[in-house]
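Fold and geometry: a report
Now for the letters of each chain:
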Amino acid sequence: MDSKHRLSLIVPCYNQGAYIYRNLQEVIRTLNKFNINHEIVVVDDGSTDNTFEEAKEAENGTLKVIGYTKNKGKGFALKYGFEHSTGDVVTFVDADLDIHPKQLLTLIKYMDENNADMVIGSKRHKESKLDYPLKRRILSYFYHLFVNSLFRLKGIRDTQSGFKLLKKECAQKILPKVLVKQFAFDLELLVVANKYGFKIVEAP
């Protein structure tokens, strides 16, 4: 990433004490390996296990752990994390590392090349490499048709992707407008960004 940028990586967590320390160490190693100027903001979303304590063990100069006592959902956790971030670009990564943070390099590349306000990692991008059941692909296709008929999200084929990179100005404008705190957060984020005319591109 260009040295003029600073990345805020927000990690929402709920009852993930069994592996949160290990995964945070992997995130730190990856960002350092690729020399990405960054901060990591871990948000404990009211866990009832030892997630907060395990995450604190990983704290260093670039990682901080924040949280609250009552579970409020992924959407709230991401908004809370953004309020405590300082970078000029922001991304969200699930604590289970379902998508490895090295994929951020692709999102960063697409943001720079397209001067985009938001980049989403899309399973439906022509260069994506996938391994998931045909039934799920069919359901995903029809879900996309349904969503597009409602919201007219031109050029966006994967509305459920949780892997996104946003410029700070974009995040500041749209996050306060997002109302859903649970599983429809990713879709609403795109709908609001589209409404305000931000440039959204998909990356593999």
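So, how was this worked out
- Residues numbered from 1 in each chain as written.
- Predicted model: local features only at pLDDT ≥ 70, side-chain atom pairs only at ≥ 80, totals over all residues.
- Heavy atoms only, no water.
- Helix = DSSP H or I, 4+ residues; strand = E, 2+ residues; numbered from the N terminus.
- Polar contact = N/O pair within 3.5 Å; in protein donor to acceptor, adjacent residues only side chain to side chain.
- Contact = heavy atoms within 4.5 Å.
- Buried < 20%, exposed > 50% of the residue type's maximum accessible area, 1.4 Å probe, protein only.
- Pairing = 2+ DSSP bridges.
- Arc of directions from axis to C-beta.
- Salt bridge = Lys/Arg side-chain N within 4 Å of Asp/Glu carboxyl O.
- Phe/Tyr/Trp six-rings, centres within 6.5 Å; stacked < 30°, edge-to-face > 60°.

By secondary structure assignment, the location of His-5 is in the segment before strand S1 (7-13). Within the local environment of His-5, its side chain forms a polar contact with the side chain of Asp-88, the two groups lying 2.8 Å apart. Among all residues touching His-5, those that are not within four sequence positions of it are Asn-37, Asp-88 and Asp-112.

Turning our eyes to something else, we now look at the environment of Ile-40. Here Ile-40 shows up in strand S2 (residues 38-45). Judged by its relative accessible area of 0%, Ile-40 falls in the buried class. With 30 residues separating them in the primary sequence, Ile-40 and Ile-10 have C-alpha atoms 5.9 Å apart. Beyond its immediate chain neighbours, meaning those up to four positions away, Ile-40 contacts Leu-9, Val-11, Val-27, Ile-28, Leu-31, Thr-62, Leu-63 and Lys-64.

Time to look at the pairing of strand S6 (residues 164-167). Examined bridge by bridge, strand S4 (residues 89-92) and S6 share three bridges and lie antiparallel to one another. Among the inter-strand pairings, Val-90 is bridged to a residue of S6, identified as Leu-166. Pairing geometry for strand S5 (residues 118-121) and S6, over three bridges, is antiparallel. Bridge assignment links Val-119 to a residue of S6, and that residue is Leu-165.

For helix H4 (residues 104-114), every residue scored as buried is listed here: Leu-104, Leu-107, Ile-108, Tyr-110 and Met-111. Taken down its axis, H4 places every buried residue within 165° of arc, on the same side. The inward-facing, buried residues of H4 abut S1, helix H1 (20-33), S4, S5, S6 and strand S7 (200-203). Following H4 by one or two positions, Asn-115 has its phi on the positive side, about 50°.

Here Ile-20 shows up in helix H1. Under the relative-accessibility criterion, Ile-20 is labelled buried at 0%. Between the C-alpha atoms of Ile-20 and Val-42, which are 22 residues apart in sequence, the distance is 9.9 Å. Setting aside residues up to four positions removed in sequence, Ile-20 forms contacts with Cys-13, Thr-51, Glu-54, Ala-55 and Ala-95.

This part is about helix H7 (residues 185-195). In terms of residue burial, H7 counts as a mostly covered element, since eight of its eleven residues are buried. Within the span of H7, buried status applies to Phe-185, Asp-186, Leu-187, Glu-188, Leu-189, Leu-190, Val-192 and Ala-193. Just beyond H7, the residue with positive phi is Gly-197, at close to 80°.

Our next topic: the pattern of salt bridges. Enumeration according to the criterion identifies four salt bridges in this entry. Notably, a salt bridge pairs Arg-6 with Glu-39, separated by 3.8 Å at the nearest N-O pair. Linking Arg-6 in the segment before S1 with Glu-39 in strand S2, this pair joins segments that are 33 residues apart in sequence. Note that Arg-29 and Glu-26 form a salt bridge whose closest N and O atoms lie 2.8 Å from each other. Of this pair, Arg-29 and Glu-26 both sit in helix H1, separated by three residues, roughly a single helical turn.

All right, on to the packing of aromatic side chains then. Going through the model one piece at a time under the given rule, you end up with three aromatic pairs. Taking the centre distance of 5.1 Å and the plane angle of 85° together, the rings of Tyr-68 and Tyr-80 count as edge-to-face. Placement of the pair is Tyr-68 in strand S3 (residues 63-68) and Tyr-80 in helix H3 (residues 74-83), with a sequence separation of twelve residues. What makes Tyr-68 buried here is its relative accessible area of 15%. Classification of Tyr-80 as partly exposed rests on a relative accessible area of 22%. Aromatic side chains Phe-76 and Tyr-80 sit 6.2 Å apart centroid to centroid with 15° between the ring planes, which places their arrangement in the stacked category.

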